[in-house]
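Listed below, chain by chain, are the residues.
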Amino acid sequence: MADTATPNVIRRADYAPPAFLIDTVALEFDLVPERTVVRNTMRVRRNPDASRAAHLELMGEQLEFVGAQIDGLPFANAHAHEHGLLLDNVPDNFELTLTSVCNPAANTTLSGLYVSGGNFFTQCEAEGFRRITYFLDRPDVMATFTVTLRASKADYPVLLSNGNLLEEGDLPDGRHFARWEDPFRKPSYLFALVAGKLVALEERVKSGSGKEKLLQVWVEPHDLDKTRHAMDSLIHSIRWDEERFGLELDLDRFMIVAVSDFNMGAMENKGLNIFNTKYVLANPETATDTDFANIEAVVGHEYFHNWTGNRVTCRDWFQLSLKEGLTVFRDQEFSADMAGGATDEAARATKRIEDVRVLRQMQFAEDAGPMAHPVRPESYVEINNFYTMTVYEKGSEVVRMYQTLFGRDGFRKGMDLYFKRHDGQAVTCDDFRHALADANGRDLAQFERWYSQAGTPRVSVRTRYDAAQQRYSVTLRQGYGDAAPAARETQKGPLLIPFAIGLIGKDGNDLPLRLEGETKASAVTTRVLEFTQTEQTFTFVDVAEEPLPSLLRNFSAPVIVEYDYSADQLAFLLAHDSDPFNRWEAGQRLATRELMTLAGRAATGVALQLDDSVVAAFARVLTDETLSPAFRELALMLPSEAYLAEQMAESNPAAVHAARQFVRKRLANALRHEWLNVYEQHRTPGAYEATPEAGGHRALKNLALSYLAELDDPAEAVRLASAQYDAANNMTDRAAALSALLNAAAANGGSAEAQQALDDFYRRFEKEPLVIDKWFALQATQRGSAQRPVIDIVRKLMTHPAFNLKNPNRARSLIFSFCAANPAQFHAEDGAGYAFWADQVIALDAINPQVAARLARSLELWRRFTPTLREGMRAALEKVASRVKSRDVREIVEKALA
Ligand code: TRP
Ligand code: ZN
């Protein structure tokens, strides 16, 4: 049905190898903002492994074709059209030279070659290279690249591309040139160039084999004071990949460049990573602890792509998770090792908890809507729409399951075999799975379903204790529940689920585990059950007392576990489980259950109340000095409004907000004394330290402040927040104080303190775009009230001189923050939020389709909301569907309305 409405569906099943191969590419650029001339000389030959084609069809977009030569002679049979260049009757093996012109200054899509802040940048993944020159722009065509850049020396003193610098020098008329060579074959999506007025922080390090490497972080001159942390993160990443995976940096030189106009986080171009400034620039005054951690993770992620993505790349874009899921897994493990080493389980768990929170809130939601797709999708209209939570985050969970099944050593053996077999190739997710299976002597045929089935699996658990026999049986049943139609189509059979479990005794300690048929209990008190059937029973023997099960420890699979714990049992797990992840999980289950009940009551106008036992369970965590501050902060943070709304049979953001606020206020008032204590005890006086410990103290202290701002009389919180704002020597504390002031004032339609702090914040950081993004975001996500709805504030901020729709970071800071991170205000009954959303999607569609499509996705779960909201959303979606032009947005809204 959707196929006739959207004619250009690309299917995985239609994959065919390219008819021609390109072995070498020599590019020459004459860089001029409005008119850049590109000369592209390629060595082309027929692919011996493909059927013979009469024509060579190259992709090209938004290019002005100038001319073609074959083996040095003009070639007349080249026909340029809207999507590329068709060359008739070409020889079997030849040199092809193409000349074309593009307009980087007019390129607001930020795909291909574009100008930002007066400098040139490229973004080629997934299909941007064809906006630079005509090419076989697909990842299974790999070539070696030589790049010559020519430009005005005064305007573009720095000229960078992939690989090693071969030569540079002056040219007549104030121009200069640089020639770069990348010794490694690569697909076109990894090509990059940068030209402009930039400066670098440099460092020379020795890699594992003793070779010297030049590392550079390139930024605009005024940002040089914010590059140290990115450089340190890069050095740590290089060491980590050597130690954990035996993978060494393969170039003499590795560069990171920061750009403020960028569609996503960062890009792993070979030897020349290009980053959103948000994931490079940081010092204590401008960046929060979260920013510091994100920078470390993204620098790691892009660096790790050098092996997982670049040395071994994807055969086609359906295999995207081959590089993204694997590389997210690697960056998650890197961050966990940086926080807790290999053995500090509690410190590692904080990272695990944060990652699982993202997965559940964002990926589970994706699985529940019209964009649901398997980790390896079967079809797409626009590939940019498939850089998703499923491909990245669920993909990472799939890779993590191999490690859970085979252990770290078994996983490493699989990785070694993967590189041994496939270095230099463009391969598939199946190739990866086979390497892991073969290295561990296993058949992983069933595991393939993790790649081909969409939807979030549900595992329901039944337990039975037989006191006379001292046997404890655990029956697991898997299915997908009431899955979204897009997911249901793909579901064929049971999955291999590694299900980690422990049994806890009455004293709170783990019991020894012996499965029926085993001769003795194992030393470890967590076992990974291999759950492969629709229903399967595992029986533990010698179980001396009725245990409490600790299920899916460390979140060993991306599934939903259904088990009827009582509130007392959850409180017990929260106090005792030896698995830190499940301790947190018990608190979340307890809170979620209460909040769902309360939201149901709020929806029907019944008065709200919260049981004292729940308050007591939270009080115990708050005051438990044996728990790390970072863990306590995570345990005391309630599930987000978006997550809770998604759990309701009919999402009702207003009811969820009322319930969550009620609980926050109740916890604030009941534990006022404790919050104040925690606030005082976890101050971090003195110089700012960017360590996980200091960050944990700040996180817990600022959580306390946010609860104190909920007090019926917030005067004390306002005093503390104002003082904290004024005294702050770091952005974590300053932003937290400002947020507390805004929320404390919300009920009264604002306060003098809040306004003063907002004005001060703007003046203080006027010259720091990333901080001004925070200024917009804090206002867009604030609580608001009936007298002062946030939509009014947002609309006014749209006219602020610092607002700029063309800059994705700025658009996200105001528009996305409001539409996707302030559900109670966005989903106002009058539909004002939806009308605003539609206007912005339409406006962005004309500027930058990739960014517009991301915003378009914020209404995709519309069918799951209450009837009034549903109708408002449908109207907004229909308006967008009738106006938009891009394939990107069209795919999203058509799938949503289908
Ligand atoms: N491959 C990049 C990463 O995950 C992300 C990416 C894909 C990207 N497409 C992009 C970044 C377009 C910017 C623009 O690391
Ligand atoms: Zn990536």
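Counting restarts for each chain: residues are numbered from 1 in the order of the written sequence. Chain labels run from A onward and ligand labels from 1 onward, assigned in the order the entries are written. In keeping with the model being predicted, local features are shown solely for residues with a pLDDT of at least 70 and side-chain atom pairs are shown and tallied solely at 80 or more, while totals for entire chains, interfaces and linings include all residues. Processing note: side-chain calculations cover all non-hydrogen atoms of the structure and skip hydrogens and water entirely.

> Would you mind showing me how to read the overall build of the chain here?
By definition, any uninterrupted DSSP run of H or I lasting at least four residues is a helix, any uninterrupted run of E lasting at least two residues is a strand, and each is numbered from the N terminus. When helices and strands are tallied, the chain shows 28 helices and 31 strands. For the chain, the C-alpha radius of gyration of 28 Å lies close to 29 Å, the compact-globule estimate for 898 residues. Here the chain holds 898 residues, and the buried ones make up 59% of them. By the convention used here, residues are in contact when the closest approach between their heavy atoms is within 4.5 Å. Of the contacts formed within the chain by residues at least 6 apart in sequence, a portion of 70% connects residues at least 24 apart. Every accessible area reported is derived by Shrake-Rupley at a probe size of 1.4 Å, with residue values counting cover from the shown protein chains alone. If you sum the accessible surface of the chain, you get close to 34200 Å²; carbon and sulfur atoms cover 50% of it. For this count, His and the chain ends are skipped, Lys and Arg are scored as positive, and Asp and Glu as negative. To locate a charge, the coordinates of NZ of Lys, CZ of Arg, CG of Asp or CD of Glu are taken. One finds the centroid of the 100 positive side-chain charges in the chain at a distance of 1 Å from the centroid of its 123 negative side-chain charges. Restricting the calculation to C-alpha atoms gives the radius of gyration, and the globule rule supplies 2.2 Å times the number of residues raised to the power 0.38. Throughout this description, buried means an accessible area under 20% of the type-specific maximum (1.4 Å probe, protein chains only), exposed means over 50%, and partly exposed covers the range between.

> Hey, could you run me through the UniProt feature "domain: Peptidase M1 alanyl aminopeptidase C-terminal" (unreviewed entry) in the chain in this one?
Under the present numbering, the feature "domain: Peptidase M1 alanyl aminopeptidase C-terminal" (unreviewed entry) in UniProt falls on residues 568-898. Across residues 568-898 one finds 72% helix and 0% strand; the C-alpha atoms that close the span lie 45 Å apart. UniProt positions are given in the numbering used here, feature names are shortened, and annotations may be inferred rather than shown by experiment.

> I keep staring at the sheet that holds strand 10 (residues 112-116) and nothing clicks. Help me out?
Only strands that DSSP links by at least two bridges are regarded as paired with each other. Judged by pairing direction, the sheet is antiparallel, and its four strands sit side by side in the order 10-11-16-13 without closing on themselves. If you trace the sheet from one side to the other, it starts and ends with strand 10 and strand 13 (158-161), each paired once. Neighbour-to-neighbour, the strand axes of the sheet open up by a mean angle of 15 degrees, direction not taken into account. In the sheet, strand 13 pairs with strand 16 (residues 193-196) via four bridges, with the strands oriented antiparallel. Bridging across to strand 16, Ser 161 finds its partner in Leu 193. Axis lines are fitted to C-alpha atoms, over the contacting stretch for helices. Their N-to-C directions set the angle, which ranges from 0 to 180 degrees.

> How should the packing of helix 23 (residues 808-821) against helix 26 (residues 849-856) be read in this particular structure?
Geometrically, a packed helix pair is captured by the angle between its two axes and the distance between the axes. Where helix 23 contacts helix 26, the axes come no closer than 11 Å and their chain directions differ by 15 degrees. Relative to helix 26, the element helix 23 lies roughly parallel. Crossing handedness for the pair helix 23 and helix 26: right-handed. Facing Pro 808, Ile 815, Phe 816 and Cys 819 of helix 23, the residues of helix 26 in contact are Val 851, Arg 854 and Leu 855. Each residue receives one of three labels: charged for Asp, Glu, Lys and Arg, nonpolar for Ala, Val, Leu, Ile, Met, Phe, Trp, Tyr, Cys and Pro, and polar for the others, Gly being one of them. Each residue belonging to the contact of helix 23 with helix 26 can be placed in one class, and the counts come to six nonpolar, no polar and one charged. An angle below 35 degrees is read as roughly parallel, one above 145 as roughly antiparallel, one from 65 to 115 as roughly perpendicular, and any other as oblique. A crossing counts as left-handed when the near helix is turned anticlockwise from the far one by less than a right angle, and as right-handed when that turn is clockwise.

> When you look at the nonpolar core in this model, what are you seeing that I'm missing?
Buried together is how nonpolar side chains tend to be arranged in soluble globular proteins. To define a nonpolar core, start from buried Ala, Val, Leu, Ile, Met, Phe, Trp, Tyr and Cys residues and group those joined through side-chain atoms within 4.5 Å. Core analysis: the largest hydrophobic core is formed by 289 residues, its most contacted members being Phe 29, Phe 432, Phe 499 and Trp 837. A per-element tally of this core places helix 6 (residues 389-422) first, with 13 residues. Excluding residues that lie within four positions of it along the chain, Phe 499 makes contacts with Val 459, Val 461, Leu 476, Arg 527, Val 528, Leu 529, Leu 551, Leu 552, Ser 556 and Val 561.

> Got a minute to help me understand empty space enclosed by the protein in this structure?
Remark: the empty space left among the atoms is shown by a probe the size of a water molecule rolled over them. Both cavities and pockets are sets of points on a 1 Å grid over the protein atoms alone; in a cavity a 1.4 Å probe fits but cannot get out, in a pocket the set is open with protein on both sides within 12 Å along at least five of seven lines, and lining residues sit with an atom within 4 Å of a point. Grid points are joined across faces, edges and corners, and a volume is the space filled by probe spheres set on the points. Evaluated as defined, the whole model comprises three cavities of 30 Å³ or more. If you add up the space inside the largest cavity, you get close to 60 Å³. Every residue along the wall of the largest cavity is listed here: Ser 321, Leu 322, Leu 326, Val 375, Gly 395, Val 398, Val 399, Cys 429, Phe 432 and Tyr 451. Going through the elements one at a time, helix 4 (320-340), helix 6 and helix 7 (429-439) are the ones with two or more residues in the lining of the largest cavity.

> Got a minute to help me understand the pairing of strand 14 (residues 164-171) in this structure?
Each regular strand carries side chains that alternate between the two faces of the sheet. Bridging between strand 14 and strand 15 (residues 175-187) involves seven bridges; their strand directions are antiparallel. Bridge pairing links Leu 165 to Trp 180 in strand 15.

> Can you help me understand the coordination of the zinc ion (ligand 2) in this one?
Tetrahedral coordination by four donors sets the ideal angle at the metal to 109.5 degrees; octahedral coordination by six donors sets it to 90 or 180 degrees. The donor set covers N, O and S atoms within 2.8 Å of the metal, switching to 3.2 Å for Na, K and Ca, and it leaves out water, so a site may look short of donors. Surrounding the zinc ion (ligand 2) are the protein donor atoms His 301 (NE2), His 305 (NE2) and Glu 324 (OE), which sit 1.9 to 2.1 Å from the metal. Sequence positions of the residues that donate to the zinc ion (ligand 2) give the spacing H-x3-H-x18-E. With His 301 in helix 3 (residues 289-304) and Glu 324 in helix 4, the pair connects residues that are 23 residues apart, well separated along the chain. Judged on exposure class, the residue His 301 and its partner Glu 324 are both buried.

> Honestly, the confidence of the model for the chain in this entry has me stumped. Any pointers?
It should be kept in mind that the predicted coordinates are not to be read in detail where pLDDT is low. Residues at a pLDDT of 70 or more form 99% of the chain, whose mean pLDDT is 97. Scored from 0 to 100, pLDDT reflects the predictor's confidence in each residue. Scored below 50 in pLDDT, residues 1-6 makes six contacts in the model with residues more than four places away or belonging to other chains.

> For this particular structure, what's the right way to read helix 4?
Each full turn of the α-helix corresponds to 3.6 residues, which orients residues three or four apart in the same direction. Given a helix with a known number of residues, its expected span is that number minus one, times 1.5 Å. In this model, helix 4 (21 residues) spans 30 Å end to end at C-alpha, consistent with the 30 Å of a helix rising 1.5 Å per residue. The buried fraction of helix 4 amounts to 19 of the 21 residues, a majority that puts the element mostly inside the structure. With its phi angle positive at about 60 degrees, Gly 341 sits one or two positions after the end of helix 4.

> What is the right way to look at the environment of Thr 604 in this model?
Among the structural elements, Thr 604 can be located in the loop between helix 11 (580-603) and helix 12 (612-623). Looking at Thr 604, the relative accessible area reads 61%, which means it is exposed. Along the sequence, Thr 604 and Ala 655 sit 51 residues apart, while their C-alpha atoms lie 8.7 Å from each other.

> Can you walk me through the site of ligand 1 in this structure?
By convention in these notes, a residue is near a molecule or strand provided one of its non-hydrogen atoms lies within 4 Å of it. Inspection of the region around ligand 1 gives 14 residues, with Glu 125, Glu 268, Glu 302, Glu 324 and Tyr 392 positioned closest. Polar contacts here mean pairs of N or O atoms no more than 3.5 Å apart (in protein, one a potential hydrogen donor and the other a potential acceptor; neighbouring residues in sequence count only if both atoms are side-chain atoms). Taking Glu 302, its side chain carries an N or O atom lying 2.7 Å from an oxygen atom of ligand 1. In the model, an oxygen atom of ligand 1 is placed 2.6 Å from a nitrogen or oxygen of the Tyr 392 side chain. Relative to its unbound accessible surface of 370 Å², ligand 1 loses 97% to contact with the protein. For the shell around ligand 1, the secondary-structure elements that each account for two or more residues are strand 20 (266-267), helix 3 and helix 4. Here the shell around ligand 1 is built from residues that sort into six nonpolar, three polar and five charged.

> Looking at this model, I keep getting lost on the pattern of salt bridges. Mind explaining?
Oppositely charged side chains can pair when the atoms bearing their charge come close. Salt-bridge detection follows one rule: a side-chain nitrogen of Lys or Arg within 4 Å of a carboxyl oxygen of Asp or Glu. Using the criterion set out here, one finds 75 salt bridges in the structure. For Arg 348, the salt bridge goes to Asp 337, with nearest N and O atoms at 2.3 Å. Of this pair, Arg 348 sits in helix 5 (residues 345-367) while Asp 337 sits in helix 4, placing them eleven residues apart in sequence. With respect to burial, Arg 348 and Asp 337 carry one shared label: buried. Among the salt bridges present, the one from Glu 516 reaches Arg 471, with a minimum N-O distance of 2.9 Å. Here Glu 516 is found in the loop between strand 27 (497-504) and strand 28 (527-531), whereas its partner Arg 471 is found in strand 26 (residues 471-479), with 45 residues between them in sequence.

> How do you make sense of a negative patch on the surface when you look at a structure like this?
On the surface, Asp 344, Glu 345, Glu 689 and Glu 693 cluster together into a negatively charged patch. Along the polypeptide, Glu 693 turns up in helix 17 (residues 692-708). We classify Glu 693 as exposed; its relative accessible area is 52%. Here, patches come from residues exposed beyond 30% relative accessible area and free of salt bridges, joined within 9 Å for like charges and within 5 Å for nonpolar side chains (Val, Leu, Ile, Met, Phe, Trp, Tyr).

> Explain the sheet that holds strand 28 to me, please; I cannot follow it from the model alone.
Strands pair in a sheet through their backbones, by hydrogen bonds, and they do so in one of two ways: parallel or antiparallel. Across the sheet, which stays open at both edges, the three strands sit in the order 28-27-30 with antiparallel pairing between neighbours. Since the sheet does not close on itself, it has two edges, and those belong to strand 28 and strand 30 (548-551), each with one partner. Along the sheet, successive strands turn relative to each other by an average axial angle of 35 degrees, direction set aside. Here strand 27 pairs with strand 30 via four bridges, running antiparallel. Across the sheet, Leu 503 pairs through a bridge with Pro 549, a residue of strand 30.

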